[in-house]
Amino acid sequence: FDALKDWDYQARSDSQAAAVYEAFWRHLLKNTFNDELPERYWTGGGDRWFEVMRSISAESLWWDDVSTPDVSETRDEIMRKSFMEGVAELEEMLGNDPADWTWGGIHVAVFRSSPLGETGIGFIDSLLNRGPFAVSGGSSIVNATSWNSNRNYEVTGLPSMRAIYDMSDLANSLTVHTTGQSGHAYHPHHIDMAPLWADIEYYPMLWNEQTIIMNAEDHLVLSPK
């Protein structure tokens, strides 16, 4: 697959190669281990499975598919099967044109309101939940937008806040968090930070009173009657 030959190994949301690799990885884990393991121990992806996969030999019994008792599969056969299944899944999810495949096309973050946003009632969920947002990153890397290979590619864990502190000048520091400043579902600041967060962009931290006053949108005064 040509996209993999020139891949820079970055899991960016617009990366075609990252989508192909992650789909292959998901099916490789499933085809290698899940046929032998009880369901509660099925592989979820992440750092432990990187190490396990790196350590097993080409002659390991893990490569054999126990559902085919008359055949003893090899490592290369399981890898080919996994790659083909990954590509087939990308075609099903993103269409037949590989040019349309991106990691962010399947690796998305959805911000669900708890508990009302998890009712399973489409109308209510659509009122309260926000997303999906295409995101970069993955499990066990610096941009830790985790996903579970037993389910799908949707984000299951994420950094709710990012910050870059300039200790020589705190006013030069940057930050961002996932959603917005308001907890009200239809407030303009309920979800306005999500695109910044998804694109790994930031806004300035405000450290001194004068800067805060100059950038204030509103001024709330609480006074007794």
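Residues numbered from 1 in each chain as written. Predicted model: local features only at pLDDT ≥ 70, side-chain atom pairs only at ≥ 80, totals over all residues. Heavy atoms only, no water.

Trainee: Help me understand the overall build of the chain, please; the structure alone is not making it clear to me.
Mentor: Of the regular secondary structure elements, the chain holds eight helices and seven strands. Computed over its C-alpha atoms, the radius of gyration of the chain comes to 22 Å, more than 25% above the 17 Å expected for a compact globule of 225 residues. For the chain, the spread of C-alpha atoms along the three principal axes comes to 85 × 45 × 35 Å. Here the chain holds 225 residues, and 34% of them are scored as buried. (Helix = DSSP H or I, 4+ residues; strand = E, 2+ residues; numbered from the N terminus. Rg over C-alpha atoms; globule rule 2.2 N^0.38 Å. Buried < 20%, exposed > 50% of the residue type's maximum accessible area, 1.4 Å probe, protein only.)

Trainee: Help me understand the packing of aromatic side chains, please; the structure alone is not making it clear to me.
Mentor: Each pair of aromatic rings is reported with the distance of its centres and the angle of its planes. Going through the model one piece at a time under the given rule, you end up with twelve aromatic pairs. With a centroid separation of 6.5 Å and an interplanar angle of 15°, the aromatic rings of Tyr-21 and Trp-25 are classed as stacked. In this pair, Tyr-21 and Trp-25 are both assigned in helix 2 (residues 16-34), four residues apart and thus about one turn of the helix distant. A residue is classified by how much of its surface remains accessible, and Tyr-21, at 26% relative accessible area, is partly exposed. What makes Trp-25 buried here is its relative accessible area of 7%. Measuring from centroid to centroid gives 6.0 Å for Trp-103 and Tyr-153, while their planes differ by 80°, and the two rings are edge-to-face. Of this pair, Trp-103 sits in helix 5 (residues 103-106) while Tyr-153 sits in the loop between strand 3 (146-147) and strand 4 (155-157); the two residues are 50 residues apart in sequence, bridging distant segments of the chain. With respect to class, Trp-103 is no different from Tyr-153; both count as buried. Among the aromatic side chains, those forming a connected cluster through ring pairs are Trp-7, Tyr-9, Tyr-21, Trp-25 and Phe-50. Positioned above the aromatic ring of Tyr-153, the side-chain terminus of Arg-26 is 5.3 Å from the ring centre. Geometry around Tyr-186 places Arg-130 over its ring, the cationic atom sitting 5.1 Å from the centre. (Phe/Tyr/Trp six-rings, centres within 6.5 Å; stacked < 30°, edge-to-face > 60°. Lys NZ or Arg CZ within 6 Å of the ring centre and 35° of its normal.)

Trainee: Mind showing me how you'd approach the nonpolar core here?
Mentor: For soluble globular proteins, the rule of thumb is that nonpolar side chains tend to be buried together. Among the nonpolar cores identified, the biggest contains 26 residues, and Trp-25, Leu-28, Phe-33, Met-53, Leu-90 and Trp-103 are the most heavily contacted of them. Taken together, the elements giving at least two residues each to this core come down to helix 2, helix 3 (47-55), helix 4 (75-94) and helix 5. Per-element accounting of this core gives the leading share, ten residues, to helix 2. Beyond its immediate chain neighbours, meaning those up to four positions away, Phe-33 contacts Thr-43, Trp-49, Val-52, Met-53, Ile-56 and Trp-62. Core analysis: the next-biggest nonpolar cluster, separate from the first, contains nine residues, Phe-111, Phe-133, Val-176 and Ala-194 among them. (Core = buried A, V, L, I, M, F, W, Y, C linked by side-chain atoms within 4.5 Å. Contact = heavy atoms within 4.5 Å.)

Trainee: Which parts of the structure should I look at to understand the packing of helix 2 against helix 3?
Mentor: To characterise two packed helices, one gives the angle between the axes of the helices and the distance between these axes. Between helix 2 and helix 3, whose axes approach to 12 Å, the crossing angle comes to 70°. Classed by the angle they form, the pair helix 2 and helix 3 counts as roughly perpendicular. As helix 2 packs across helix 3, the resulting crossing turns out to be left-handed. Residues Tyr-21, Trp-25, Leu-28, Leu-29, Thr-32 and Phe-33 of helix 2 form the contact with helix 3, whose own contacting residues are Trp-49, Phe-50, Val-52 and Met-53. Across the contact of helix 2 with helix 3, the residue classes tally to nine nonpolar, one polar and no charged. (Axes fitted to C-alpha atoms, helices over the stretch in contact; angles between N-to-C directions. Parallel < 35°, antiparallel > 145°, perpendicular 65-115°, else oblique. Left-handed = near helix turned anticlockwise from the far one by under 90°. Nonpolar A, V, L, I, M, F, W, Y, C, P; charged D, E, K, R; others polar.)

Trainee: Help me out: how do you make sense of the packing of helix 2 against helix 4 in this one?
Mentor: Here helix 2 crosses helix 4 at 125°, and the two axes come no closer than 8 Å. Accordingly, the angle class assigned to the pair helix 2 and helix 4 is oblique. Both helix 2 and helix 4 take part in a crossing whose hand is right-handed. Residue-level inspection shows Ala-19, Val-20, Ala-23, Phe-24, Arg-26, His-27, Leu-28, Lys-30, Asn-31 and Thr-32 of helix 2 in contact with helix 4, the latter providing Ile-78, Met-79, Lys-81, Ser-82, Phe-83, Glu-85, Gly-86, Glu-89 and Leu-90. Partitioning the contact of helix 2 with helix 4 into residue classes produces nine nonpolar, five polar and five charged.

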